[in-house]
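Residue-level listing of the chains:
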Amino acid sequence: MNKTRRSAAARAARALALALPALLPGWAGAQQDTGADTLPDWDARFQSTYVWQRKPALRSPYAGEHSLHAERERSHSFTATAALGWRAWRGGELWLNPEVAAGVPLSELTGLGGFTNGEMARSSGPNPRIYRARLFLRQTVDLGGEADSVEGGVNQLPLATTRRRLSFMVGNYAVTDLFDANAYSHDPRTQFLNWSLVTHGAWDFAADARGYTWGAAVEARDGAWALRAGRFAQPKEPNGQALDGRLGAHYGDQIELEHGHEWAGQPGALRLLAFRNRARMARYDDALALARAGGTVPDLAAARDGEQTKRGLGLALEQQLHPDVGLFARASASDGATETYAFTEIDRSLSAGVLVRGTSWGRGQDRLGLALAHNGLSAAHRDYLAAGGLGFFLGDGRLRYGTERVLEAFYNLQLAPQATLGLDWQRIANPGYNADRGPARFVGLRLHLEL
């Protein structure tokens, strides 16, 4: 993000803060009655996560440039993040997250739709790099109703608020910080690791190669209902690091409706997400047509000559079954006509899983997780890969199509109040959607520290 765009974002944040009292009559008075003066004005937290994974050799009768490697491999990733927050004024929070990351991926991060380590950024390298992960303003505006509160956490100061409220987020953060915030499968640092389990697999959400972007979002809450919407910057190139600041021309839009409920006396939530991306993307059918006309192998770069739109939907459920047991389920699909631009090569996905607290065996801080994901491609995407085309992540040279099926299980052992050691196991049938390959198996260790 260059200096011009940073200064523009800062001016917009200041203007928003100054304009809110005028735009929303009664705002100042509503803020005075919540007991906010007793809450802390700042917060500082730290996390560090190390993931080690090993893949045994797998069946591979042939391979292409972007295949999962047949031989035995090892991989590791490391992140360390500070979350620094300040309550700048009533209802306003400023957050800064400096982060360090390093990693060596399996197979150069190719050969799978559901990658095995959600902590592995596309820009990772073996040497640690420090960068700004987040820098954003959140403004919460009380609109009346019963008193309510928001617990403090990472990138969230505790709030005394009301059940009817608006929240605005402007700046640099991850789209998934606000959208699809599932309680049981959202954070690869403490929950499931596979990319197709941490969020909707078919949701090609706007992000740079590290998973962050710039943009603005609003959330409106009224009791059990919440509606949120946002627009965010796309990368300039597919899965690239540099972001395109032209939010009027190239963008990722999403809107999500949430309803909280109780079932058999246990809390849960249902969320419906719709997204629309606009960017300079290539269509699979266009790449195939060019290849047929020229008698060549299809190439997305040759067909990337104009703006395209991608649309999709996602439905998610989280449900507590018992104070120690919760489940999640997701279904998502995109139109599958254009190349993957910012997430991973999944056009259809179904996933479900369960998370269990270890209270019944005397380990109340331990966690056991088991989940499944079923990932698929559109017909045009399949045809492109079968003809020898390369996606950003996939390309075996040919394809005997089969849906990619992920099974993941993990156990987190609480070593100390601030530290957990996790054992993770994954099995992926038809890796890269190719029934001629695999299955692939992965075993991993995860050490997580949180202060």
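Preceding this section is the structure that the text describes.
Quick look at the structure, then. Each chain has its residues counted from 1, running along the sequence as written. The model is predicted, so local features are restricted to residues of pLDDT at least 70 and side-chain atom pairs to those at 80 or more, both for listing and for counting; the totals for chains, interfaces and linings are taken over all residues. As a convention, hydrogens and water are excluded, and side-chain values are obtained from all of the structure's heavy atoms.

## Topic: the overall build of the protein chain
Moving on, step 1. Secondary structure elements follow DSSP: runs of H or I no shorter than four residues count as helices, runs of E no shorter than two count as strands, and numbering proceeds from the N terminus. Helix and strand counts for the protein chain stand at five helices and 16 strands.
Moving on, step 2. Its C-alpha atoms give the protein chain a radius of gyration of 22 Å, near enough to 22 Å, the size a compact globule of 451 residues would have.
Moving on, step 3. The principal-axis extents of the C-alpha atoms in the protein chain amount to approximately 70 × 55 × 45 Å.
Moving on, step 4. Burial status across the protein chain gives 53% buried among its 451 residues.
Moving on, step 5. Two residues qualify as a contact provided that any one of their heavy atoms is within 4.5 Å of a heavy atom in the partner residue. Taking the intrachain contacts of the protein chain between residues at least 6 apart in sequence as the baseline, contacts between residues at least 24 apart amount to 70%.
Moving on, step 6. Accessible area for the protein chain stands at about 19100 Å²; split by element, carbon and sulfur atoms hold 58% of it.
Moving on, step 7. Counted as positive: Lys and Arg. Counted as negative: Asp and Glu, with His and the chain ends omitted from the count. Note that the charge is assigned to NZ on lysines, CZ on arginines, CG on aspartates and CD on glutamates. Computed over 50 positive and 47 negative side-chain charges, the separation of the two mean positions in the protein chain equals 3 Å. Note on method: radius of gyration uses C-alpha positions; expected globular size equals 2.2 Å times residues raised to 0.38. Relative accessibility thresholds used throughout: buried, under 20% of the residue-type maximum; exposed, over 50%; partly exposed, between the two (1.4 Å probe, protein chains only). Surface accessibility in these figures is a Shrake-Rupley result with a 1.4 Å probe; residues are shielded only by whichever protein chains are displayed.

## Concerning the pairing of strand β11 (residues 325-334)
Moving on, step 1. Because side chains alternate across β11, one face comprises the buried residues Gly326, Phe328, Arg330, Ser332 and Ser334, and the other comprises Val325, Leu327, Ala329, Ala331 and Ala333, none of which is buried.
Moving on, step 2. Two strands pair if DSSP finds at least two bridges between them. For strand β10 (residues 307-322) and β11, the ladder comprises ten bridges, and the chain directions are antiparallel. Its bridge partner lying in β11, Leu313 is registered against Ala333.
Moving on, step 3. Where β10 folds back onto β11 in an antiparallel hairpin, the turn is made up of two residues.

## Looking at the pairing of strand β4 (residues 129-150)
Moving on, step 1. Strand direction decides the pairing type here: strand β3 (residues 92-104) and β4, joined by ten bridges, are antiparallel. Residue pairing across strands places Val100 opposite Ile130, the latter belonging to β4.
Moving on, step 2. For β4 and strand β5 (residues 159-173), the ladder comprises 13 bridges, and the chain directions are antiparallel. Across the sheet, residue Phe136 finds its bridge partner in β5, namely Gly171.

## Quick notes on unusual backbone geometry
Glycine aside, negative phi is the norm for most residues, and most peptide bonds take the trans geometry.
Moving on, step 1. Residues Gly438 and Pro439 are joined by a peptide bond in cis, for which omega reads 5 degrees.
Moving on, step 2. Here Pro439 is to be found in the loop between β15 (419-429) and β16 (440-450).
Moving on, step 3. A positive phi angle, close to 55 degrees, is found at Asn239, a residue other than glycine.
Moving on, step 4. With respect to the element layout, Asn239 can be found in the loop between β7 (225-232) and β8 (251-263).
Moving on, step 5. Using a relative accessible area of 4% as the deciding quantity, one classes Asn239 as buried.
Moving on, step 6. With phi around 55 degrees, Asn430 is a residue other than glycine that occupies positive phi space.
Moving on, step 7. Relative to the assigned elements, Asn430 resides in the loop between β15 and β16.

## So, the side chain of Ser351
Moving on, step 1. Relative to the helices and strands, Ser351 is located in strand β12 (residues 348-358).
Moving on, step 2. On the basis of relative accessibility, which here comes to 8%, the residue Ser351 falls in the buried class.
Moving on, step 3. Residues in contact with Ser351, not counting those within four places in the same chain, are Ser196, Leu197, Phe328, Ala329, Arg330, Leu372 and Ala373.

## Looking at the packing of aromatic side chains
Moving on, step 1. Between 30 and 60 degrees the pair is tilted, below 30 it is stacked and above 60 it is edge-to-face, where a pair is any two Phe, Tyr or Trp rings, Trp via its six-membered ring, whose centres lie within 6.5 Å. In the structure shown here, the tally under the stated rule is 15 aromatic pairs.
Moving on, step 2. Among the aromatic residues, ring-to-ring pairing joins Phe115, Trp195, Trp203, Phe205, Phe343, Phe392 and Phe393 into one connected group.
Moving on, step 3. By definition, being over a ring means that NZ of Lys or CZ of Arg is both within 6 Å of the ring centre and within 35 degrees of the ring normal. One cation-aromatic arrangement involves Arg398 over Tyr62; the distance from NZ or CZ to the ring centre is 3.7 Å.
Moving on, step 4. When the ring centre of Phe410 is taken as origin, the NZ or CZ atom of Arg446, which lies over that ring, is 5.3 Å away.

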